[in-house]
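# Report on the structure
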Amino acid sequence: MPANLPSEKCTSQQPVNVCLLTPQQSHHLSIAHFLDPTLYHLTVVYSLEYFTQSLSATKEKRYSIDAIDIILLSTDLVRAEAANTVRYLQTLIADRYVPIILLSQIDVSLSQTDIDESSILIDAMTAGAHDYIEISPKPSAHTAKLFSAKIASQVRIAAMQTLVQQQNTQIMQHHKHLMVEQQLAEEVFNKVSQNNGIDMANIRHWLSPIAVFNGDVLLAAPTPSGGLIVLLGDFTGHGLPAAIGAIPLASTFYSMVEKGFSMPDIIKELNAKLHAILPVSVFCCASVVQLNFDEGIVDIWNAGLPDSYVLRKDSSTIEAISSNGLALGIVGAGEYQPKPTRFNLLAGDRLYLLSDGVLEATNDKGEQFGDERLLEAISGQVNANSEKGFAAIKQQVIDFIGEHSRADDISLVELGMVNASDFAAMYKETQKTITAEPVSWHFSYELRPDSLRYQDPVPLLLHLLMEVPTLRRYSGQLFTIITELYNNALEHGLLGLSSALKQAPEGFKTYYNARNKQLQALKQGSVGFTLDYQGDDQQGLLVIDVVDSGKGFDYAALAALALPLDQALQQSQPVLSGRGIPLLQSICSKVEYLGAGNHARVEFNWTA
Amino acid sequence: MPISSTMSAATSELIINVEGRFDFSAHQDFRSAYEDLDGLPKHFAVDMTETTYLDSSALGMLLLLRDYAGGDHSSIKIINCNDDVRKILVISNFGRLFTIQ
């Protein structure tokens, strides 16, 4: 900003720079006496040529165009060229607001020559001059006062104009800054959510493709046990607040799903994290879904979003899952207890998650799309295949709001229930080829009573294994191996519980009550894991040893039966039933018991 | 959306009225309605008689009020909600945090 603002000058008593362009013989020169020299600094220039020259010739400040606050242009100097001169002066002034005031001859309405004068004034003012002042050859004291008042008024207008310009520039700069920040936030957000699984074939989504994102977040990741967890979130506010929250949301979500944490644990942690980080007024409404493809089970938790829907194949009724929880990030960890609703679904059944954007999509009559239209659109797709069905729902919303309306706040997601094997195939497709350096390490981990009581070692161990990129695709199998081995060692080995308990009606309850009771009372004992891995990008061998401090069992007797281990186990009921050994054998290349039977060793092999 | 408030000295209750759309543009006014007071009222009521619409930033503002009023120990009623407003409050489970009447 130039420092010579008229407003500043008025308040700081710096004179206003007035430039008077007039011929030497003109009586317009008399105005020099009208202006108070303490308020105005007058520069008189006798010709336009001289004015132009002096602008470029001297560096003295008062001749600099940027220092001029008001230009008084005598029509005597330019006559018919007045309009062109005004245009020329404006190009010199450029973006600044400098009033150009014409000094005219006496009373413009009187004689023939005055008609010429008035058309000169009209042309010049049309060209951009701001005002005109009539000066008679013998001005009275009254004329002098009026003249000063007019100039003062123009100075005020100029000051106001300059302030507006200044503020406008500032607003534009702020806006630019804001856009850059939001784009940065978006970039970070996209990076955080990049390793997501939303490109899997059983997930269809319609998310607003807007430049600065709208606060809606879709996250999806396969679980180690071969399932899928999906989260649709809607943050309060757009832009930066959403970005601030979305980053920890996404990173926590992906790392916990990958490590095999349960859905309620993940939701609790997301809530706790957002509660700790976000300002009070920012929170995240969310629907979280876990799909278990092996058993056809879906758990849904809706916290503050509009109803989610289940559309069963061969059924025209839709089931709604209403919000029954507070949005993530509002209350602290202790108060947050997610209670997902469970559905048994078959391959081909579909789930719909949405944020309020779809329901609030408005047409030009001001009507909202609403849940009735949405339900109709969804139920109309029962017999369509998933791809066409989803496109049809989307089209109905677009047709409703009209092509010209903005659909920039819409998030609609469809999840398809599929067979476990189909999902495994989809998942594999999304995994890129992995290159890996050779890896060789050994890791020991022993849990003592307090840890056995309160900690689940499976996520930690799985996390360690997932650090090996080539093992990630086997996360489901590794999860099973570690879970089975740990449960065997703890429940049968250390606590001495018999699986026979589980056979009775109510058996599981009895079994787990006994497990908890004994675990609470546990004074000594341990379960130790030793993991040994060697591999490169072509193959790998993982050996897991699990040793518990229990008394073991007579595995030699099993060997004596000379049967394959799984059949032998069946014959030796009830000692070993429920140890999941056939399951381990189906995954591992070797399953054996050592020592007193309190030491299990398995080997897991993979080749590219 | 003009925000107005009345303080009842007898019951130490501040009633905040929200007129029209309750959204981000109300942010400053809504805050000053309870922050520019001498002392903290014991009870609060947000009167939604004239409120036509509520968005998620309004929910955020209600949470700010709750925080200001003492969080879990606050006493805040949300009264006279129309069906649309009530629906939003119910979806958000705000009944757990506020007394909705």
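See the structure above.
Residues numbered from 1 in each chain as written. Chains lettered and ligands numbered in written order. Predicted model: local features only at pLDDT ≥ 70, side-chain atom pairs only at ≥ 80, totals over all residues.

## Here's the deal with the packing of helix α7 (residues 240-258) of chain A against helix α8 (residues 263-277) of chain A
Residues and elements named next belong to chain A. In contact at an axis separation of 10 Å, α7 and α8 are set at 155° when each is read in the N-to-C sense. Comparing their axes, α8 and α7 come out roughly antiparallel. Of the two elements, α7 crosses α8, and the hand of that crossing is right-handed. Contact residues: α7 offers Gly245, Pro248, Leu249, Thr252, Phe253, Met256 and Val257, while α8 offers Ile266, Glu269, Leu270, Lys273, Leu274 and Ile277. Grouping the constituent residues of the contact of α7 with α8 by class yields 9 nonpolar, 2 polar and 2 charged. (Axes fitted to C-alpha atoms, helices over the stretch in contact; angles between N-to-C directions. Helix = DSSP H or I, 4+ residues; strand = E, 2+ residues; numbered from the N terminus. Parallel < 35°, antiparallel > 145°, perpendicular 65-115°, else oblique. Left-handed = near helix turned anticlockwise from the far one by under 90°. Contact = placed C-beta atoms within 7 Å. Nonpolar A, V, L, I, M, F, W, Y, C, P; charged D, E, K, R; others polar.)

## With respect to the packing of helix α14 (residues 457-466) of chain A against helix α15 (residues 475-494) of chain A
All names here are of chain A. Packing of α14 against α15 brings their axes to within 10 Å, and their N-to-C directions diverge by 140°. The two elements α14 and α15 cross, and the hand of that crossing is right-handed. Of the residues in α15, those touching α14 at Pro457, Val458, Leu461, Leu462, Leu465 and Met466 are Ser475, Leu478, Phe479, Ile482, Thr483 and Tyr486. Partitioned by chemical class, the residues of the contact of α14 with α15 number 10 nonpolar, 2 polar and no charged.

## Digging into the sheet that holds strand β15 (residues 411-416) of chain A
Residues and elements named next belong to chain A. Read from one edge to the other, the open sheet built from 5 strands follows the order β6-β15-β14-β11-β12, with strand pairing classed as antiparallel. This sheet does not close on itself; its edge strands, each paired only once, are β6 (203-207) and β12 (318-321). Taking the axes of each pair of neighbouring strands and ignoring which way they run, one obtains an average angle of 15° across the sheet. By the bridge criterion, 4 bridges tie strand β11 (residues 308-311) to β12 in an arrangement that is antiparallel. Directly across from valine 310, in β12, lies its bridge partner glutamate 319. (Pairing = 2+ DSSP bridges.)

## A few points about the interface of chain B and chain A
Each side of the interface is counted separately: chain B has 12 residues, and chain A has 12 residues. In terms of residue class, the side of chain B that touches chain A is made up of 5 nonpolar, 5 polar and 2 charged.

## Notes on the pairing of strand β2 (residues 13-18) of chain B
All names here are of chain B. Of the two faces of β2, only one is covered, namely that formed by Leu14, Ile16 and Val18; the face formed by Glu13, Ile15 and Asn17 stays uncovered. Of the pairings in the sheet, the one linking strand β1 (residues 3-8) to β2 comprises 6 bridges and is antiparallel in character. When the sheet's bridge partners are listed, serine 8 is paired in β2 with glutamate 13. Where β1 folds back on β2, the antiparallel hairpin that results is connected by 4 residues, among which serine 12 adopts a positive phi of roughly 50°. When β2 meets strand β4 (residues 43-47), the two strands line up parallel, connected through 5 bridges. Paired with leucine 14 across the two strands is phenylalanine 44, which belongs to β4. (Buried ≥ 20, exposed ≤ 12 C-beta atoms within 10 Å, placed from the backbone.)

## Some words on the environment of Asn363(A)
Residue and element names in this part refer to chain A. With respect to the helices and strands, the residue asparagine 363 is situated in the loop between α9 (356-360) and α10 (370-379). Overall, asparagine 363 belongs to the partly exposed group, with 13 C-beta atoms counted inside 10 Å. Linking asparagine 363 and phenylalanine 400, residues 37 residues apart in sequence, is a C-alpha distance of 6.2 Å.

## Quick word on the environment of Tyr593(A)
All names here are of chain A. Assignment of secondary structure puts tyrosine 593 in strand β19 (residues 590-594). Take tyrosine 593: there are 20 C-beta atoms within 10 Å of it, and that puts it in the buried class. Sequence-wise, tyrosine 593 and aspartate 545 are 48 residues apart; in three dimensions their C-alpha atoms are separated by 9.6 Å. Dropping the residues within four chain positions of it, tyrosine 593 is found in contact with Tyr555, His599 and Ala600.

## Some details on α7(A)
All names here are of chain A. With 19 residues, α7 ought to run about 27 Å at 1.5 Å a step, and its terminal C-alpha atoms sit 27 Å apart, in line with that. Listed as buried for α7 are Pro241, Ala242, Ala243, Ile244, Gly245, Ala246, Leu249, Ala250, Phe253, Tyr254, Met256 and Val257. One or two steps after α7, the chain reaches glycine 260, where phi turns positive at roughly 90°. (Expected span 1.5 Å × (residues − 1).)

## Things to note about the sheet that holds strand β7 (residues 99-100) of chain B
Residue and element names in this part refer to chain B. With mixed pairing, the 5 strands of this open sheet are ordered in space as β1-β2-β4-β6-β7. Only two strands of the sheet have a single partner each, and these edge strands are β1 and β7. The sheet strands contacting helix α1 (residues 27-35) are β1, β2 and β4, and the helix crosses β1 at an angle near 10°.

## Things to note about the pairing of strand β3 (residues 70-74) of chain A
Residues and elements named next belong to chain A. The buried count for β3 comes to 5 of 5 residues, which makes it a mostly enclosed element. Neither face of β3 is open: one carries Ile70, Leu72 and Ser74, the other Ile71 and Leu73, and all of them are buried. Here strand β1 (residues 16-21) pairs with β3 via 4 bridges, running parallel. Among the inter-strand pairings, leucine 20 is bridged to a residue of β3, identified as leucine 72.

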